[in-house]
Each structure stands twice: as structure tokens, then as C-alpha cells.
Amino acid sequence: MIPPVDSFVCVLLCLFYGVSSEELLSLNGKWRLLNSNGSVSLPAQVPGCVHSALQQQGVILDPYFRFNDASYRWIALDNWTYTTTFTVSAELRVTQQVRLIFDGVDTVASVSLNGVVVGETDNMFRRYDFSVRHLLKDGDNVLNVALLSPLLYATERRRAHSSYRVPPECPPDVQKGECHVNFIRKEQSSFSWDWGPSFPTLGLWKGVGLEAFDALRLIQVSSVPLYNLSSSQWTVRVELLVDAVQTTDGRVTLSVQELDSEQTFPTRFQPGKNKNSFTLLISTSSRVKLWWPSGHGDQPSYHLTVRGFQDGVLVLSTESKVYFRSVELVQEPLPGSPGLSFYFRINGKPIFLKGSNWIPAHSFQDRVTPAVLRNLLQSAVDANMNALRVWGGGVYEQDLFYDICDEMGIMVWQDFMFACAMYPTEDDFIQTVREEVVQQVQRLKSHPSVIIWSGNNENEAALATDWFDIPSSQRPTYVKDYVTLYVNNIRKIVQEEDHSRPFLVSSPTNGAESEQEGWVAANPYDPHYGDTHFYSYTLDCWDWRTFPRTRFASEYGFQSWPSFSTLQPVSVPEDWSYDSNFTFHRQHHADGNQQMLLQAGLHFNLPNSTDPLKRFTDTLYITQVMQAQCVKAQTEFYRRSRSEIIEGKGQTMGALYWQLNDIWQAPSWSSIEFGGKWKMLHYFAQSFFAAVLPVGFEDDDTLLIYAVSDLSRDLKLRAVLTVYSWTDLDPVCTLRSDLQPVTGGSAVAIYKQPVAALLAGCGHCTRLTCVLTFRLEEEGGSQQGPTNHHFLCSPREARGLQTPNITAKVQEDPTGFSVTLHSASVAPFVWLDVGDIAGCFSSNGFLMVSENRTVSFNAWRPTSVAELSASLTVTSLRDVY
């Protein structure tokens, strides 16, 4: 898909022969930035934001350093003006139309050219354009963008809404945030969230430029493949959003040459902005290669060429990628269960969604570089993920994000940007939201990676379960507003603009059942329907009985702290303790730091070193161990529940934990730290999201092992269990089950044995003295999937667990770097850390049950054996107490 000239690189999209060419003049680059009283005046880069400009010019320090989020509140309380001066050619000034284009203004602004106001903006998520031909002059032209304080604007809008409150008024105090973010169409988490700071940005966060044309300009091309079951034929619905000076008759030719498909259509472009739609029939003699999610096939693309002719002369030519895939959200009655199924079929195949939730990768979007995006998305695929949910409190991501997801086979659950709040429904608010939705759907619907639209994050649940203490007498008002915004406007627009993918009004939701209940279900968390969000920090996360046996788990998780190497650049030595002001300030979730230790303390001895720095770093480690083990237990429960209905619940077909990435250096639910470093959880995800996975758990003191398979083909597998004493690296015994058939796309119990009987037949083991590993094997002995482990007791109760005195040797060969470990005893949660050297290990956080083990290190920047050896630390559980 060709995007709407996001960066305003001077690329010619349309050519007009016989008249004048469309001309594109980028206004990106160095502007001038001024605050309201003129006391701050400095150069500023566009695209960019005020905070970035202030830091680049040395006016402020790193906003992420220590307590600077609080110190720099003044920035968002001020008004700021961006100014640039430019010249235009005489040829450009005499074209029929000249449009001033803003791809993204953050957020509320008045735009003036040569002293004349040409328009206003009020929505970060919209593209704006203004007609300016009549204002351009020879010589210098002065463009001003006067930005209002988002905090003052939101407060004024709230004050004007006097008839009833629109909760929440403010975030919880622990978030150190700002109020009334729901009154401004802006990244909702920029006023703070429970994992992020309050940096209400201002700026020109996307490209700015002039487009001049005599006949027409192409604003947007979208292509949506549709499969006709009755005719067994693919079609491509192509839409051209065109801005025409006058009525223009001509012909449009669409072609996909690789599929021998071409058609020509007579067309008429009407004056102004209009959408012209065409349907290209794909030749039935061509075999169409389908786009598949990662792990299920390839992601082939084709070239769609669009050409426009007027009187036989080529006047329009553009090329974009087109991918072929179908998607269905299946909500049907299930045998033996009340409620409805909830799963996705891609190209007719049921797919279990494995992945996480995506939040903004930085508080300042101009810092989210292509390298940052590619690294994070590659890390998702490397952990065997096939799906990400773009969460509704952030931003609609840049085009490159979706391009990479297309390439990598990452399915995207796309929220609209509304989260954890009620919203106003005044006409001007609804109108700007309508334009936002139209533009975003038109921009994103060509991407095969986007498989579903969702209206908001948790707002149905907030209303249904009364998060905001709304009196029952007033509830109908809020339900009416909810339906007005998400159903009568957003849903209606999506269904008009995109016939190719499903739409959900909220998440979590009961889906079709919520619709039957007037769009706000009595219990949107009902596991018999739709998707669920589930968090519990006090119950024992190792106990699978505490988890909901849901149809689809779209949020769940546990917090941990990032590595010391991630925290160190934004802190000073006095901050390096678990009860410092810094660790308190960075925690934006109520009681979060204490909850981590309480959960960890259920199964692990807490760090007790007398060295304050070691105790701090050991505590960071134990929070990551806790998080990894907790999310592992929950995800494995969801994966083994895909084929079962128990007490009417189950057939789980998705597990998206909260959250993939971080916005800054702080405790959060993420599996990847700010900067890209993998937490222990991300290494665990690489295993628990494997295509074939053994899952072990106990039910009434009986050990069960399931074989879970996402493969298309059937397998015959056995479980192989190896029991180890904590005191000895030699196995106590090895047990094998009989081979059993495992159908592709299923979870099957293949081993069942009372733990007492297992141990009785295995030497002198007890629950306290032994641990077991298990794997899946085919008939010839080849292993399928990773080796897993099962603790027979909490590690803090284990008898014989010794300090392993692990030594490490770093080596380099033509394939890269490796680390060979030598251990004196069984060692759980062996963690290799190379500080700030960017890269990832082939395995980490593992249970070491052999004397020697070698892992590779994939460096993301040049390094050496000497540097890695000097930076490497190895920690295991017994080393922290």
C-alpha cells in the first residue's frame, strides 16, 4: 500500500501531461520554536515534539532521568508556536490548487500562513489539509502553528461539559499524572498510565508539506482482497481517494501482472475529495499464494498497479503491494457448553493467537525509529509470537509498523484509541472522531496483518462493573453515550469502509452476546463468550485453578523490574535500593513493588545480601523470575485448554499477555525492557509459544502432561520424564509414556500418573528433594518442541539445593559468540546478563541439569570476546540468598 505521503519525500504519485505536474514541497526540517512569553526560543526539528527540541538544544536534560517527568511538567502547561519560512516557485503558485498538508499535529493548534489563519486542529490522529494557494507570495512565506497546552485545553473542555461528569476525572495519585485526558483526542497514556510517565507532548509529530496540482491529486490508495466462496474466486477491491479540481472523465486500469489479471474501468472524478471504488477480478487460472500468520506459512505479496488515463494520456500511475488472505471471527454455539466460541479462522484454518499487547515504544514518537520498530517486532517473532494487540490508549502506529507486521506474519488486533474511560459525545467531538476513524481505516485496511478492529479498551467493562461509581439513575445516560460513540459512529463507519474483517465494540467483551444485551453486557468478563482480561496479584500464580478458563485471553500478566543496566543510565547510586524514592516514584501501579515481593515470596527465598547494591540487583532478578514463571503457568494453561470443554468452559484460542514492550525504564508487565533487552519472561515465551509444546501440571496430586500442537500435520508423540535430585546432576530415573496420536491444532493429555507413584518408582526421591524435566519425542526418538520442567515443591522448600558455582567461558567462531557454562550442581533460573551490550541469548533463565551447557549470543552491535567476558554475569536462584 502506498501511504498518504507520510514523510513528504518528494515522490511524484500522479503525473499530469499537457497540464502541469503535481508538485510536492516538503516543509520538514528545521523550524523555530517559541513558548508563550518568548522566554524560550530555539531551533526545532519537524517531525518532532517540544520535549525533544528542548533536550536537543540543551534546555532540559533527559526527560527520563530520575524525577524529570515531574520536574518538566511546566512544558505541557505552556503554549508553544512552531514557525518556518519558505519560498515557492512561480510555477507552483500558478497551479490550480495548493494544499498545505499536516500528517499529524499534536494536538490543538491554530495554523496561519502569512498572518492569515487557514485552519485549526484538535485531533492527534487525523491528517489535515488546508487550501492556501491564494495566500502564497513571491519571496518569504511564513507558516505558524500555534499549539495550545493540552492540559489547559482538556481542563477547559471538561469545565464546559457541566451537565454531567465524564469519568475518570484524574488518574490515581500513584501515576503522578494529569487530568481529563478523555476530553482531548490525543494519546491517552501521554497524561500517564500505570506503566508510564506523564509527558503530554506538543508538536508536529508527522510530516508537513505543500501539494500543488492542476487536475487532481491522489491522497490514498487502498486494496482489500475478498474471496467469493460460491465462485471460488478472489477479487481485489481498490479504492482511490482523489482530490480533483474539476469533473474529470477517464479510464482506470488495475493489474496484478503475476496473476495475469487486468481490467479497465471508465470513471469520473468529481470536484473535491471523493472516493472511487473498483473491483478487480483475479484470474481463476492463476494459483494465488496466500498470506499466513508466522508459523503457519509464508507471507507472499503481489504488485498491484493502478494507472489512470485521460484522452489516452497517462495521468495517474502508482504501484502498491497486495496480499491475499481471509479472516473470520467465529462465534458459534459449542457442544456441551453454554455460550459461544471465539476464535479466528485465517484462510479457513483455525489459528491459536500467541502473542502480547503493544504500547507506544516511547513517550516521544519522533524517537521511535525504524530500527526500534524492527528490533521489537523481530523479538516478538523470535519468541514464536504470531499476534500483537495494538492497545487503545496509545497511538495508531506508523505505516512501517504495519509493513513489518505484514512481512513477518504478525497478526494485529487493532484497537481504536479509547481506553479506560467514558468519553463526551458533543457534536464537535463526534465529528473529529468520525474523521479520525475514516482516515485510519482507509490507511490501514490494505494490511493483511490487521485482522480485527476493536472500538475501545475496557470501556464496556468499566461501565458494566461500575468502575466510576455512577449512580444507577444516571447509568442510561452513559450507556447512551457509549452506544452513540462506538456503535452508531465508529462501528458504522468501519462497516461502511471495510467489509473484509470483523469489528468488536470493546475488549474485553462478550462479543455477539454483548450486542444482544444492548452492547453493554451484564458481565463482559464471562468466560463463556468473547475475550477476557484477567489480573490477580495476590493469588498463587502457580495454581492454574485461579485462572479463568476463557475462550480467548487478550490481557493477563504480572509486573517485574527491568535489569540494572537499563535503570543505571537514568538513576544515581542513592536510587539503587528497593525502598528508595526513585523506585517508589517509578512504580505507577498501586502497591506494585510490594505485590511483586509477596508473589515471589510464595515460592522463593527473597534476596538477603548485606551488600546493598547486590541486594537491589538480586531483587530485580527475583521479580523477573517470578514474572516469567507466573506468565508461563498462565499461558501454558490457556494453550492446553484449546481442545477441552470442562464444566462448560474452555476451547481457549488465544493468549496475548500484557505487555510486550516498555515506554521508559521502570517496573511494568513487559517482557522486553526499554531499549530492547529481553527479560526472563521473553526467553520463557520463546518456549511456551513454541509450535509444539509439552505442558505439565498437577491435579489432585496427579501429574498430567499435555502435548500441544499448532502444526497442520498430525504427530505421534510420547512424554519422556527425567527426575533429578537437587543434589546431583546425574538423573535419578527416566520414564517414557506410550506413543499417542496428537492431531494438528490440538492439545492432548499423553501422560497421567499420581506423583506419589511416580516418585515411589524412582529411587529415593521426595517432593522436596527432586525436580523433573520432560519433553516430547516421536517414535525414532527425535524431540519435538522444547524441554519443560515441573517443580514438585516451591524452590524455597527444596532440600539439597546448592550454590552451583557456575563458571562461564565466552568464545567466538564464524557463526558468532557462545558462552559455555560449567555447573557443580542442579541450578534453577540460570540467568546470563551482559549489561548494556545489545543482543539476545539462544536460551536464558533455564533450569541447568547438566554439568556443561553452551548457549549462543546474537549481538545486535559490534562486540568482542573481551567485552562480553568483562560484562557477563551469571546468576542462579541459590546465588541470591
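Residues numbered from 1 in each chain as written. Predicted model: local features only at pLDDT ≥ 70, side-chain atom pairs only at ≥ 80, totals over all residues. Heavy atoms only, no water.

Engineer: What am I meant to see in the sheet that holds strand S12 (residues 208-213) here?
Structural biologist: Within a sheet, adjacent strands bond to each other through the backbone by hydrogen bonds, running parallel or antiparallel. Pairing within the open sheet is antiparallel, and its 4 strands lie in the order S1-S12-S6-S9. Only two strands of the sheet have a single partner each, and these edge strands are strand S1 (23-26) and strand S9 (128-131). This sheet shows a mean twist of 20° between the axes of neighbouring strands, independent of strand direction. Sheet analysis places strand S6 (residues 97-102) next to S12, joined by 6 bridges and oriented antiparallel. Residue Gln 97 lies in a different strand from S12, and its bridge partner there is Phe 213. (Pairing = 2+ DSSP bridges. Helix = DSSP H or I, 4+ residues; strand = E, 2+ residues; numbered from the N terminus. Axes fitted to C-alpha atoms, helices over the stretch in contact; angles between N-to-C directions.)

Engineer: Honestly, the pattern of salt bridges in this entry has me stumped. Any pointers?
Structural biologist: Pairing between side chains of opposite charge can happen when their charged atoms approach one another. All chains considered together, the criterion is met by 43 salt bridges. Put simply, Asp 243 and Arg 217 hold a salt bridge, and the shortest N to O gap is 3.1 Å. Of this pair, Asp 243 sits in strand S14 (residues 233-244) while Arg 217 sits in strand S13 (residues 216-228); the two residues are 26 residues apart in sequence, bridging distant segments of the chain. Considered together, Asp 243 and Arg 217 belong to a single accessibility category, that of buried residues. Across the salt bridge formed by Glu 644 and Arg 549, the nearest N and O atoms sit 3.9 Å from each other. Pair noted here: Glu 644 is in the loop between helix H15 (612-640) and strand S32 (645-646) and Arg 549 is in the loop between strand S30 (532-534) and strand S31 (553-556), with a separation of 95 residues, a long-range link. A relative accessible area of 17% means that Glu 644 is categorised as buried. Since its relative accessible area comes to 11%, Arg 549 is described here as buried. (Salt bridge = Lys/Arg side-chain N within 4 Å of Asp/Glu carboxyl O. Buried < 20%, exposed > 50% of the residue type's maximum accessible area, 1.4 Å probe, protein only.)

Engineer: I tried to follow the pairing of strand S42 (residues 783-791) on my own but got confused; where do I start?
Structural biologist: In the sheet, strand S41 (residues 770-777) pairs with S42 via 6 bridges, with the strands oriented antiparallel. In the sheet register, Thr 773 faces S42, and the bridge partner there is His 789. Taking the residues that link successive antiparallel strands as the turn, the S41-S42 hairpin has 5 residues, and the phi of Gly 781 there is positive, at about 95°.

Engineer: Honestly, the side chain of His 789 in this entry has me stumped. Any pointers?
Structural biologist: Relative to the elements of secondary structure, His 789 occurs in strand S42. Since its relative accessible area comes to 13%, His 789 is described here as buried. If sequence neighbours within four positions are ignored, His 789 has contacts with Gln 629, Lys 632, Leu 772, Thr 773, Phe 774 and Leu 847. (Contact = heavy atoms within 4.5 Å.)

Engineer: For this particular structure, what's the right way to read the packing of helix H14 (residues 592-601) against H15?
Structural biologist: Packed helix pairs are characterised by how far apart their axes lie and by the angle those axes make with each other. At a closest axis distance of 9 Å, the pairing of H14 and H15 adopts a crossing angle of 70°. As summarised for this structure, H14 and H15 are arranged roughly perpendicular, according to the angle between their axes. Crossing hand, H14 versus H15: left-handed. Two secondary-structure elements touch here, H14 through Met 596, Leu 597, Gln 599 and Ala 600 and H15 through Thr 619, Ile 622, Thr 623, Met 626 and Cys 630. For the contact of H14 with H15, a count of residues per class yields 6 nonpolar, 3 polar and no charged. (Parallel < 35°, antiparallel > 145°, perpendicular 65-115°, else oblique. Left-handed = near helix turned anticlockwise from the far one by under 90°. Nonpolar A, V, L, I, M, F, W, Y, C, P; charged D, E, K, R; others polar.)

Engineer: Teacher, can you tell me more about the state of the cysteines here?
Structural biologist: Disulfide: a covalent bond connecting the sulfur atoms of a pair of cysteines. Overall, the coordinates contain 4 disulfides when judged by the stated rule. The residue that forms a disulfide with Cys 733 is Cys 762, at a sulfur-sulfur distance of 1.6 Å. Disulfide Cys 733-Cys 762: the torsion about the S-S bond is -100°, which places it as left-handed. Of the two residues, Cys 733 sits in strand S38 (residues 731-736) while Cys 762 sits in the loop between helix H17 (755-760) and S41, which places them 29 residues apart along the sequence. Sequential numbering of the bridged cysteines in the chain gives the disulfide pattern 1-2, 3-4, 5-6, 7-8. Cysteine Cys 793 remains unbridged, with the sulfur of Cys 770 as its closest cysteine sulfur at 9.5 Å. (Disulfide = S-S within 2.5 Å.)

Engineer: Even after reading the chapter, I still don't get the sheet that holds strand S19 (residues 313-322), so can you show me in this structure?
Structural biologist: The strand order S16-S15-S18-S19 describes an open sheet built from 4 strands, whose pairing is antiparallel. Among the strands making up the open sheet, the edge pair consists of strand S16 (261-269) and S19. Adjacent strand axes in the sheet meet at a mean angle of 20°, parallel and antiparallel pairs treated alike. Here strand S15 (residues 248-256) pairs with strand S18 (residues 302-310) via 5 bridges, running antiparallel. Bridge pairing in S18 places Ser 255 opposite Thr 305.

Engineer: I'm lost on helix H10 (residues 475-497) in this one. Help?
Structural biologist: Every α-helical turn comprises 3.6 residues, leaving residues that sit three or four positions apart pointing alike. With 23 residues, H10 should cover 33 Å at 1.5 Å per step; its first-to-last C-alpha distance of 31 Å lies within 8% of that length. Its axis deflected by about 30° at Thr 484, H10 carries its strongest bend there. (Expected span 1.5 Å × (residues − 1). Bend = angle between axes of the 7 residues up to and from the residue.)

Engineer: For this particular structure, what's the right way to read the packing of aromatic side chains?
Structural biologist: Aromatic ring pairs are described here by two measures, namely the spacing of the ring centres and the angle between the planes. For the structure shown, the criterion picks out 58 aromatic pairs. An angle of 75° between the planes, with centres 6.4 Å apart, marks the rings of Trp 31 and Tyr 82 as edge-to-face. Within this pair, whereas Trp 31 is found in strand S2 (residues 29-35), its partner Tyr 82 is found in strand S5 (residues 80-86), the two being separated by 51 residues in sequence. According to the relative accessible area criterion, Trp 31 is buried, its value standing at 2%. Judged by relative accessible area, which is 0%, Tyr 82 ranks as buried. Geometrically, the ring pair formed by Phe 418 and Tyr 486 is edge-to-face, given 5.6 Å between the ring centres and 90° between the ring planes. Here Phe 418, found in the loop between strand S27 (411-415) and helix H8 (427-444), pairs with Tyr 486, found in helix H10; they are 68 residues apart in sequence, far enough to count as distant. Like Phe 418, the residue Tyr 486 is buried in the burial classification. An aromatic cluster is defined as three or more aromatic residues linked by ring pairs; in this entry it consists of Trp 544, Phe 547, Tyr 556, Phe 637, Tyr 638, Phe 697 and Tyr 706. The ring of Phe 584 has Lys 176 lying over it, and the distance from NZ or CZ to the ring centre is 5.3 Å. A cation over a ring is seen here: Arg 640 above Phe 697, with NZ or CZ 3.4 Å from the ring centre. (Phe/Tyr/Trp six-rings, centres within 6.5 Å; stacked < 30°, edge-to-face > 60°. Lys NZ or Arg CZ within 6 Å of the ring centre and 35° of its normal.)

None of this, on its own, says anything about what the molecule does.
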